[in-house]
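Architecture and fold: a report
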Amino acid sequence: LARALVVDPDILLFDEPFSALDPLIRREMQDELLNLQKQVKKTIVFITHDIIEAVKLGDRIAIMKDGEFIQVGTPSAVIMNPSDSYVRDFVEDVPRSKVLKASSITTPIDTLKLDQIDEFSTSKDFREDQSLICLVDTDDTLVGVTSRDKIAITSQQIKNDSPSQLILNPDSFCHIDDSLETVLQRLGRNNDQIIVVDNERRVIGKITTRDAVASIVPNASS
């Protein structure tokens, strides 16, 4: 690998490089390769018979049968939407909680800018129920969460400069690239759902406990 990197190739080809290693060293080498890739930023074609290894290392994976590509896509896409029974059987034992990311099971959630609360509460689109609304600032950055039936109280808190009920603890939201395992841990410390945000903490959507559990059960309907 060192000799290959010296000539600065555009593509690196790995043909089952870790297949003869014991599980501990193999895991360490996989982590080292991921760290190396972040530094050298090379295209790597990695051949393996281990689907767990493939989904850990690959941005995109290709499953072959009889010399032909059966399905190509991101690990989450292949696992969540296998193209046929062969692929479905191939990925059946993959631990979904470690492979899937928050972005793959995120559903929409309403957002509302802080300075539009009063206008919203008197608009024809307003309905009073317990569904959640994410409150954002002028840059669409997540500030907090409230429910529709508490809009009036929330508005008054903001006017009094005491929006204590809006403050989110770290377990109330997650990043779009967080693993499903992380999502489940945070759901276990919260109520029924958490908010999903991007790098700028802009709201992407929400994940409910039901969605998270359904996503780790093969062939379960959402």
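That block above? That's the structure.
Read on for a plain summary of the structure. Since the model is a prediction, treat every value here as computed from it, not as a measurement.

**Some words on the overall build of the protein**
Secondary structure summary: the protein contains ten helices and ten strands in total. Across the 222 residues in the protein, those meeting the buried criterion constitute 32%. Residue pairs in contact within the protein that sit at least 24 positions apart in sequence constitute 45% of those at least 6 positions apart. Looking at the protein as shown, the accessible area adds up to about 13800 Å², and 49% of this sits on carbon and sulfur atoms.

**Focus on the side chain of threonine 208**
In this structure, threonine 208 sits in strand 10 (residues 203-208). Residue threonine 208 is classed as buried on the basis of its relative accessible area of 13%.

**Points about the pairing of strand 9 (residues 193-197)**
Counting buried positions over the five residues of strand 9 gives five, a clear majority of the element. Alternating residues of strand 9 divide into Gln193, Ile195 and Val197 and Ile194 and Val196, and every residue in both groups is buried. Here three bridges tie strand 8 (residues 173-175) to strand 9, and the two strands are oriented parallel to one another. Residue pairing for strand 9: histidine 175 is matched across the bridge by valine 197. As judged from the five bridges shared by strand 9 and strand 10, these two strands associate in the antiparallel manner. From the neighbouring strand, valine 197 faces strand 10, where its bridge partner is valine 203. Counting the residues in the hairpin turn of strand 9 and strand 10 gives five residues, including arginine 201, whose phi is positive at 60°.

**Concerning helix 9 (residues 180-188)**
Buried within helix 9 are the following residues: Leu180, Val183 and Leu187. Angularly, the buried residues of helix 9 cover 55° about the axis, an arc narrow enough to put them on a single face.

**What to know about the packing of aromatic side chains**
Following the criterion strictly, the structure yields three aromatic pairs and no others. Taken together, a centroid distance of 5.8 Å and an interplanar angle of 25° make the contact between phenylalanine 14 and phenylalanine 46 stacked. Of the two residues, phenylalanine 14 is situated in strand 1 (residues 11-15) and phenylalanine 46 in strand 2 (residues 43-47); the sequence distance between them amounts to 32 residues. Each ring, one from tyrosine 86 and one from phenylalanine 90, has its centre 5.8 Å from the other, and the planes form 40°; the classification is tilted. Remark: phenylalanine 90 and tyrosine 86 occur in helix 5 (residues 85-90); sequence separation between them is four residues, near one turn of the helix. Judged by its relative accessible area of 34%, phenylalanine 90 falls in the partly exposed class.

Parameters at a glance
- Residues numbered from 1 in each chain as written.
- Predicted model: local features only at pLDDT ≥ 70, side-chain atom pairs only at ≥ 80, totals over all residues.
- Heavy atoms only, no water.
- Helix = DSSP H or I, 4+ residues; strand = E, 2+ residues; numbered from the N terminus.
- Buried < 20%, exposed > 50% of the residue type's maximum accessible area, 1.4 Å probe, protein only.
- Contact = heavy atoms within 4.5 Å.
- Areas by Shrake-Rupley, 256 points an atom, 1.4 Å probe, with all protein chains shown as cover.
- Pairing = 2+ DSSP bridges.
- Arc of directions from axis to C-beta.
- Phe/Tyr/Trp six-rings, centres within 6.5 Å; stacked < 30°, edge-to-face > 60°.

Spatial relationships are all this shows, so hold off on functional conclusions.
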